[in-house]
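Overview (structure and organization)
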Amino acid sequence: MSNINMNAQEGGRIVQASEVPTANNFGNRVARPVETAKVVRGTFGDASGEAMAADMEMKAAQQVAAVAQDAIKTMTNLQIAEEETQKQNHLIELQTAERNARSASRQAAIDKGLNTDEEYEEYQRQRGASIDEINAKYNYLTKVGNDVDARVQIFKEQADSVYQNEIVIPRRVDNVKTRHVQTLEMLGKQLADVMAGENNPETVGRLLSDHKKNLYEMMHSPQFIAVWGAASAEEQYQKRLTQDVVDAVASVTNTDPHAAVEMLRNQTGDIATDPLFELDPSTRRALLYQAEHERSSRDAETRAKLKEEQDANEFALFMDITQGKLSGNSGVATVYKAHMENRIDQGHAERLISKLEMDADRRERRAQAAEERAARAAEKRDLLLSPVRDALELGLPLDPKNPSHVKSVEAYAQELIKKSGNANAVEVMTELTTKTGVAPRMLTSAIHGLVSSKDPKQSIQGTQILAQIAEKAPNIIHQLNDETVSKANQINLGVHPEQAQLLIERARTLTKEQKEEYKKIGTKALPKLETELKNTFGVSKKDVTPEAYGHARDVFQDQLILSGGNVDAALESTKALVRKSYGVSYLTGTPTLMFNAPEGAAGKTDWMTQQFATDLKGLGLKPEQVRLKANVDGSYDLFAVRNGVVTGHVVDPNTGKKLTWEPDQAAAAKQVRDAQLAEAQKKREEYLSAKPNPFTTGAAFNNTEMNNFVPRGAKPSPQLNTSEQPQFGKFKKSETK
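Residues numbered from 1 in each chain as written. Predicted model: local features only at pLDDT ≥ 70, side-chain atom pairs only at ≥ 80, totals over all residues. Heavy atoms only, no water.

1. Considering the packing of helix H6 (residues 230-255) against helix H7 (residues 257-265)
Where H6 meets H7, the closest approach of the two axes is 5 Å, and the angle between their N-to-C directions is 135°. Classified by the angle their axes make, H6 and H7 are oblique. When H6 is examined against H7, the residues Val249, Val252, Thr253 and Thr255 are found in contact with a partner set consisting of Pro257, Ala260, Met263 and Leu264. In terms of residue class, the contact of H6 with H7 is made up of six nonpolar, two polar and no charged. (Axes fitted to C-alpha atoms, helices over the stretch in contact; angles between N-to-C directions. Helix = DSSP H or I, 4+ residues; strand = E, 2+ residues; numbered from the N terminus. Parallel < 35°, antiparallel > 145°, perpendicular 65-115°, else oblique. Contact = heavy atoms within 4.5 Å. Nonpolar A, V, L, I, M, F, W, Y, C, P; charged D, E, K, R; others polar.)

This is the structure:
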């Protein structure tokens, strides 16, 4: 504060007051005049002048005192304001330190897995360190004394109280609630466990009453209400009681749904006979629905299990009869006993008795016939195996492009491997592939894995197996990809397996320009390709259609790239891969190399040729007047040809819609079986006419059974006419005209 100078003028006299206390010596000095007023003689004489001077001095002193008091007051207010600001800043920093300590202790609890008490100790430690550091900045004196420690202590007490109320106490309340819930769940589970085996209403009522009492005492105790609150405790009690009863009824339902249904339906409203009378009607209806549904499911399962057991028992008895273990009156008694014991039903008993009656006199022959009928019945039940069995029994080749044929071969291969053992798996699958023309995926997967292996020994082993099988069953190529075929052919021609693998991997990264270089090599070798195609399929150059030649040329170019320009390896792979999609068809009278030929890789097939000719005869056409074109669904479009020129689709004469044709292997199999039956009947008639049986008129001779005898694998055809040629193929009408 600067010095204040005040000048007072009275009647020409000057009174000067100086040296008002400054901020540096405030409180240690008092105002005092520098010089006293001097009296100058004037009009009124000396006395009046001295009085006037004294009066003026007094006034000046009063003025100086007033100014000094104002200055003191101003300084005091300024110092107080400054101290209040510092106190406010101090409080703000303490609050910030408290928040930081709370966050740091929470993070430490997460990182170190601290419990609530340990977290609280960490919080106090963090907060104490921060407060000590802050206090060092605000260690000052005030007019009222040093009150920093007192205010800090108050702040700590308030912070501890807030921390306890906001963190510690809520967590402990949550822990208590969690333990309450666990206890309640244990009580509910205990009720469900004890009710699981009960179906007596009195027992169930007593259990529910005891549980309700225990639940009420616990959830209305002072300790429970102190944590949850009275209203919440009552609400939780009602919900928990209902849920426990529902869970208990569900437990009864799982154990004995019939008892649960009876209990829920018995709505008498009396606790003695209806322990569930307090349940809400809608809840009771829902529980009843669930119990009835469970009862129905259990009953269905029981009936199905009984049916399964009865079927198994019938089969066992049937096998005993077939094998000769049961026969005559003792066999009939055994069947009736099984029926009385409900081990078989009425239908089973009738069938078994009928079987016993039929096998009474000729048990051995009927046993063998029963085995054959059982085998044929198993074949009918398992349609998956019918194509491969037809192929093996009748010599009809399968189509590797037909998914049902592939699945049939795979299923049959699995059965053979189970019988012969895994050690002979490759030999079994090789023989099956040779007979059917279709390779199981297990075999092709194994070959692909061996050939594609980076181990040279495995690659050579896979190549040898492939060559061995492909020699007898070329159709195995249908299930292998181009890279596997290329690598195998390269190895066969002497290329090291690692080198062949490198060439295939390198082919994947070739640029367009590099591939063009290989195509130039292929262009020069096209004459060799034409020769190989003719030799492979056994046809002349004119029988190789432009479509087939173009496909073979594209495959040859790709195989050149995979083999690194090895023409011989590319030719071998091309021949194998072209056979995947192309074959020679003889149906139209002349050999024709076509896409997806009906005969496949089997070559000329008599039954299919005859079937095709028979089907066309019904349309007034001959095979040489028709051309075939394969469709993706296995059928073939028919095109009429006149003088070597295609004139259009073959249509249904009645509707004008396009016709498609596909071979019917099942019809061919039936034709072969009928022929076998006719041959057997012919031999029987020749035998009887040449040498009559002297016992034909005897009672022991069963002429009906002899007349009904059919050879194994054949089906009886009472009205067989071998001179008639039925249509075996399948014609389909297209939707378009």
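2. Remarks on the side chain of Asp160
Topologically, Asp160 is positioned in helix H3 (residues 148-195). Take Asp160: its relative accessible area is 19%, and that puts it in the buried class. Setting aside its immediate chain neighbours within four residues, Asp160 contacts Tyr120, Tyr123, Gln124 and Arg127. (Buried < 20%, exposed > 50% of the residue type's maximum accessible area, 1.4 Å probe, protein only.)

3. Notes on H6
Spanning 26 residues, H6 covers 37 Å between terminal C-alpha atoms, matching the ideal 38 Å at 1.5 Å per step. Buried within H6 are the following residues: Ala233, Tyr237, Arg240, Leu241, Asp244, Val245, Val246, Ala248, Val249, Ser251, Val252 and Thr253. (Expected span 1.5 Å × (residues − 1).)

4. A closer look at the environment of Ala552
Tracing the backbone through its elements, the reader meets Ala552 in helix H21 (residues 546-562). The buried category is assigned to Ala552, whose relative accessible area is 0%. For the pair Ala552 and Val578, spaced 26 residues apart in the sequence, the C-alpha separation amounts to 6.1 Å. With residues up to four places along the chain from it excluded, the contact list for Ala552 reads Leu529, Leu533, Thr574 and Val578.

5. Remarks on unusual backbone geometry
Phi angles above zero are rare outside glycine, and Asn342 is one such case at about 65°. For Asn342, the location among the structural elements is in the loop between helix H9 (328-340) and helix H10 (346-358). Taking the relative accessible area as the measure of exposure, Asn342 reaches 41% and is therefore partly exposed. The phi dihedral of Asn596 is positive, around 50°, even though this residue is not glycine. Its place among the elements puts Asn596 in the loop between strand E4 (592-595) and helix H23 (606-617).

These figures come from the coordinates and say nothing about function on their own.
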